[in-house]
Amino acid sequence: AFSAVFSEKPPIAELETSGILRGTIDITGTANAENFQRYTIEYGRGLEPESWILIYEGYNPVIEGVLYSGWNTNLIDDLVYILRLKVYDYTGQISEDSSIIVVGDERNYECSSCSECGIFAMVPDADITLTEDIATPGGEHDICFAITRR
């Protein structure tokens, strides 16, 4: 007998962990699918990483919980990173979610956000002001922000 597994619903990837981090942390969110296979958590340096470093690969679905416990951010440089969650199912579908994280001491950073959309990001670096444009999903305007180190 032949049976096929098909799902039109894509996997669910929702990453809750973001912001300024320091120390050993839990990465939280949701990794789930009807035909769940696995999920990966990776990080990359900067706002547009050229490469990714695997933190963890999980084989059990997680719904609004801890995806990985015990990531020691003391082992990486105090910089801005993108944290990425990818969820795979057995039909070949992949969903992903990402967030901006800053590894460092929150007392060292201040942000100003786009007055039009209110979205902000943080980038540590000595005595700089950074402007970054990111296209919004609706394409109505760019997100602009400035970050300075105190």
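Small disclaimer: the values here were computed from a predicted structure and weren't measured.

## Observations concerning the overall build of the chain
Phase 1 of the analysis: When its secondary structure is counted, the chain shows zero helices and eleven strands.
Phase 2 of the analysis: Burial analysis of the chain (150 residues in total) assigns 41% to the buried set.
Phase 3 of the analysis: Summed over its atoms, the accessible surface of the chain is roughly 8,900 Å², and 46% of this surface lies on carbon and sulfur atoms.

## Digging into the nonpolar core
Nonpolar side chains in soluble globular proteins tend to be buried together.
Phase 1 of the analysis: Of all hydrophobic cores here, the largest spans 23 residues; its most connected members are Ile27, Tyr39, Ile41, Leu67, Trp71, Leu83 and Leu85.
Phase 2 of the analysis: When residues of this core are traced back to their parent elements, those giving at least two are strand S1 (12-15), strand S3 (24-32), strand S4 (36-45), strand S6 (62-72), strand S7 (80-89) and strand S8 (94-103).
Phase 3 of the analysis: Setting aside chain neighbours within four positions, we find tyrosine 39 in contact with Ala31, Tyr56, Glu57, Gly58, Asn60, Val62, Leu67, Leu85, Lys86, Val87 and Tyr88.

## Points about the side chain of threonine 30
Phase 1 of the analysis: On the secondary structure map, threonine 30 appears in strand S3.
Phase 2 of the analysis: Once you skip the residues sitting within four places of it in the chain, threonine 30 turns out to touch Ile12, Ala13, Glu14, Val62, Ile63, Glu64, Leu67 and Leu85.

## Description of the sheet that holds strand S5 (residues 53-58)
Phase 1 of the analysis: If you walk across this open sheet you meet the five strands as S2-S8-S7-S4-S5, and the pairing is mixed. Because the sheet does not close on itself, it has two edges, and the strands there are strand S2 (19-21) and S5. Taking each pair of neighbouring strands and ignoring which way they run, the sheet shows an average axis angle of 30°.
Phase 2 of the analysis: Strand direction decides the pairing type here: S2 and S8, joined by three bridges, are parallel. What sits directly across from glycine 19, in S8, is isoleucine 101.

## A word on the sheet that holds S1
Phase 1 of the analysis: With antiparallel pairing, the three strands of this open sheet are ordered in space as S1-S3-S6. Two strands bound the open sheet, and with one partner strand each, they are S1 and S6. Sheet twist, expressed as the mean angle between neighbouring strand axes with direction ignored, is 25°.
Phase 2 of the analysis: In the sheet, S3 pairs with S6 via seven bridges, with the strands oriented antiparallel. In the strand pairing of S6, glycine 29 is matched with glycine 65.

What counts and what doesn't
- Residues numbered from 1 in each chain as written.
- Predicted model: local features only at pLDDT ≥ 70, side-chain atom pairs only at ≥ 80, totals over all residues.
- Heavy atoms only, no water.
- Helix = DSSP H or I, 4+ residues; strand = E, 2+ residues; numbered from the N terminus.
- Buried < 20%, exposed > 50% of the residue type's maximum accessible area, 1.4 Å probe, protein only.
- Areas by Shrake-Rupley, 256 points an atom, 1.4 Å probe, with all protein chains shown as cover.
- Core = buried A, V, L, I, M, F, W, Y, C linked by side-chain atoms within 4.5 Å.
- Contact = heavy atoms within 4.5 Å.
- Pairing = 2+ DSSP bridges.
- Axes fitted to C-alpha atoms, helices over the stretch in contact; angles between N-to-C directions.

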